[in-house]
Amino acid sequence: MVKFLVFIVFYVSFAHESYGLTDDEDFGSMAENNPTIDEEKIFLQLAGKTDPDEVKTCGQLIESRGFEYEVHYVTTKDGYILQNFRIINRYARESGKKLKPILLLHPLFGSCSVWMFNSPGGHIKPWINGHPPKDNSAELAFLLANLGYDVWIINVRGTSYSTNHTHLDPEDPEFWDYSFYEIGIYDVTATVEHIKKETGFETIIVIGYSQGTIQLLIQMSAIPGYDKNYDLVILITPIGFLGDKSGTVGAIPIPLFKLLFGSRNGPFPPVSGSVFAALDVLCRQPIVSPACVAILGGLLGLNPQQQNASRYGVYTGLLDRTSNKNLLHYLQFIETDHLCYFDHGEEKNYELYGSAEPPEFPFYKINPKKLVFVSGLNDQLATPINVQNLRNHLCDRVDTDHVITDPYFNHADIVLAKEAFPYLNDVVSQLIDEKMLHDEL
Ligand SMILES: *[C@@H]1O[C@H](CO)[C@@H](O)[C@H](O)[C@H]1NC(C)=O
Ligand SMILES: *[C@@H]1O[C@H](CO)[C@@H](O)[C@H](O)[C@H]1NC(C)=O
């Protein structure tokens, strides 16, 4: 019931903004509505802030924990200019050690900040005699940076960080004509190649979460052999199937949403602030924040013990945008329960794919020995059924298949849980350490 209500609210705000306030034939009007980082900042300030992290950009989050950073602009083959971050740890740099690069790939409605906003912690720690310190940060990016890894963080096309293109204007609907497919084959590939070139490493470690896992599965199956660039592909909440109706997707009014997201190319949310801002204002009120815990829990799996309600303003304040077409591709994914190329309708499908239906991504072409699964039993998106389906479609067992031991751990706990360190970060970093020792990467 809660789930259903949330989708209705989502629908009403979307419909109102798309069709009530703007003329949907007049793309020119997007100029005023197109959100910019500055506008979002002003909005957040007007709404009043409760936590200093709430209005921080990724660069500011990194600096506030004592690290430094580099911004790396990466241009994709189809012209998008991504603004990616690299965390610099001066202690690690002083040690003179060659640091293994790890790329973190954020989820839908997220950006670089999801890897850093869990708690006010995650500060840099000095090294001891040239060796990395022990650390128990709840923020995976800061933990890995403290442990001596070269941490790179992507911001995929369309997020507030990566809204630039060599020849398309973000106000042009064509800019938003993409889904997780293009992100997988273009954004991820361009970023990996950039990291290899910058660091001199032939192979890197990649960690995807939610949509980050979809992008990697698509990339490795659509570009067979690409996984040779990876030492380890850590898929946190792996999503290769999304048809389990017992989860969140069972409550989505699919035909209605298909109509909305299919009506035109553009960003979602379409108006600055909009749905996320409403959620943000709501969730920062102490009286209402338990309701936010319930709403998000209803969507992603209830686990109140792990949630820090006084930090909800930070999480909702840092939500980010995507394209309507990406959401439409998700709806197709849910309907068919298979991860397929975008469905353009029979005629164009024949033209593009030579068949009436779009082909599935061939997961069997991925080398399962590179894969690590980390999944939760109370995850309402990467449900145990969906994850099992993915296991069944690989050509062999994955290298490591970790199920998080807290049975209530949900989809969002990966980056929000108070105990993200013992249940997730510790597991992931130990896995990487072991692999590094074993293979001397
Ligand atoms: C977008 O990229 C172009 C080409 O690199 C650059 O000249 C321009 O300043 C960028 N615009 C913004 C807003 O970052
Ligand atoms: C919960 O959030 C508040 C506000 O950001 C913070 O002061 C507190 O340390 C957080 N608690 C935990 C366990 O992270």
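All figures in this text were calculated on a predicted structure; none of them were measured in a lab. (Residues numbered from 1 in each chain as written. Chains lettered and ligands numbered in written order. Predicted model: local features only at pLDDT ≥ 70, side-chain atom pairs only at ≥ 80, totals over all residues. Heavy atoms only, no water.)

Novice: Where do I start with helix α8 (residues 211-222) in this structure?
Specialist: Structural remark: α-helix, 3.6 residues per turn; residues separated by three or four positions point the same way. The terminal C-alpha atoms of α8 lie 16 Å apart, and with 12 residues this matches the ideal 16 Å at 1.5 Å per residue to within 8%. Of all 12 residues making up α8, 11 are buried, and the element is well covered by its neighbours. Looking at α8, one finds that the buried residues are Gln211, Gly212, Thr213, Ile214, Gln215, Leu216, Leu217, Ile218, Gln219, Met220 and Ser221. (Helix = DSSP H or I, 4+ residues; strand = E, 2+ residues; numbered from the N terminus. Expected span 1.5 Å × (residues − 1). Buried < 20%, exposed > 50% of the residue type's maximum accessible area, 1.4 Å probe, protein only.)

Novice: When you look at the layout of surface pockets in this model, what are you seeing that I'm missing?
Specialist: Rolled over the atoms, a probe with the dimensions of a water molecule shows which regions are left empty. Looking at the second largest pocket, its volume works out to about 540 Å³. What lines the second largest pocket is a set of 23 residues, among which Pro132, Leu147, Gly148, Tyr149 and Asp433 lie closest to the centre. Its residues placed into classes, the lining of the second largest pocket shows 12 nonpolar, 4 polar and 7 charged. (1 Å grid on protein atoms, 1.4 Å probe; cavity = no way out; pocket = protein on both sides within 12 Å on 5 of 7 lines; lining within 4 Å. Points joined across faces, edges and corners; volume = space filled by probe spheres on them. Nonpolar A, V, L, I, M, F, W, Y, C, P; charged D, E, K, R; others polar.)

Novice: What's the story with the site of ligand 2 in this structure? I'm lost.
Specialist: Close to ligand 2 lie Asp51, Ser119, Pro120, Asn308, Ser310 and Arg311. Asn308 is positioned with one of its side-chain polar atoms (N or O) 2.4 Å from an oxygen atom of ligand 2. Contacts to ligand 2 include Arg311, whose side-chain N or O atom sits 2.9 Å from an oxygen atom. Protein burial of ligand 2: of its 360 Å² of free accessible surface, 57% is covered by the chains. A per-class count over the shell around ligand 2 returns 1 nonpolar, 3 polar and 2 charged. (Near = heavy atom within 4 Å. Polar contact = N/O pair within 3.5 Å; in protein donor to acceptor, adjacent residues only side chain to side chain. Areas by Shrake-Rupley, 256 points an atom, 1.4 Å probe, with all protein chains shown as cover.)

Novice: For this particular structure, what's the right way to read the pattern of salt bridges?
Specialist: Should the charged atoms of two oppositely charged side chains come close, the side chains can pair. For the coordinates displayed, the defined rule picks out 15 salt bridges. A salt bridge links Lys258 to Glu335; the nearest nitrogen and oxygen atoms lie 2.5 Å apart. Here the residue Lys258 occupies a position in helix α9 (residues 254-262), and Glu335 occupies one in helix α13 (residues 324-336), the gap between them amounting to 77 residues. In this structure Lys258 comes out as partly exposed when scored by relative accessible area, which is 27%. With a relative accessible area of 45%, Glu335 lands in the partly exposed category. (Salt bridge = Lys/Arg side-chain N within 4 Å of Asp/Glu carboxyl O.)

Novice: Would you explain the side chain of Asn326 in this entry?
Specialist: Relative to the helices and strands, Asn326 is located in helix α13. Among the residues examined, Asn326 registers a relative accessible area of 0% and is labelled buried. Side chain to side chain, Asn326 and Gln211 meet in a polar contact 3.1 Å long. Residues contacting Asn326, with those up to four places away along its chain left out, are Leu108, Tyr178, Ser179, Phe180 and Gln211. (Contact = heavy atoms within 4.5 Å.)

Novice: In this structure, what is going on with the packing of aromatic side chains? I would like to understand it.
Specialist: The description of an aromatic ring pair rests on the distance of the ring centres and on the angle between the ring planes. Evaluation of the coordinates by the stated rule reveals 22 aromatic pairs. Between Phe261 and Phe268 the ring centres are 5.4 Å apart and the planes differ by 85°, which places this aromatic pair in the edge-to-face class. Given a relative accessible area of 4%, Phe261 falls into the buried group. For Phe268, a relative accessible area of 0% puts it in the buried group. Ring plane angle 55° and centroid distance 5.7 Å describe the contact between Phe409 and Tyr423, whose orientation is recorded as tilted. You can see Phe409 sitting in the loop between β10 (400-403) and α16 (413-416) and its partner Tyr423 sitting in helix α17 (residues 420-439), a full 14 residues away along the chain. Ring-pair connections join several aromatic residues into one group, and the members of that group are Tyr80, Phe175, Trp176 and Tyr178. Its guanidinium or amino end placed over the ring of Tyr80, Arg157 lies 3.9 Å from that ring's centre, counting from NZ or CZ. We note Lys325 situated over the ring of Phe342; from NZ or CZ to the ring centre the distance is 4.6 Å. (Phe/Tyr/Trp six-rings, centres within 6.5 Å; stacked < 30°, edge-to-face > 60°. Lys NZ or Arg CZ within 6 Å of the ring centre and 35° of its normal.)

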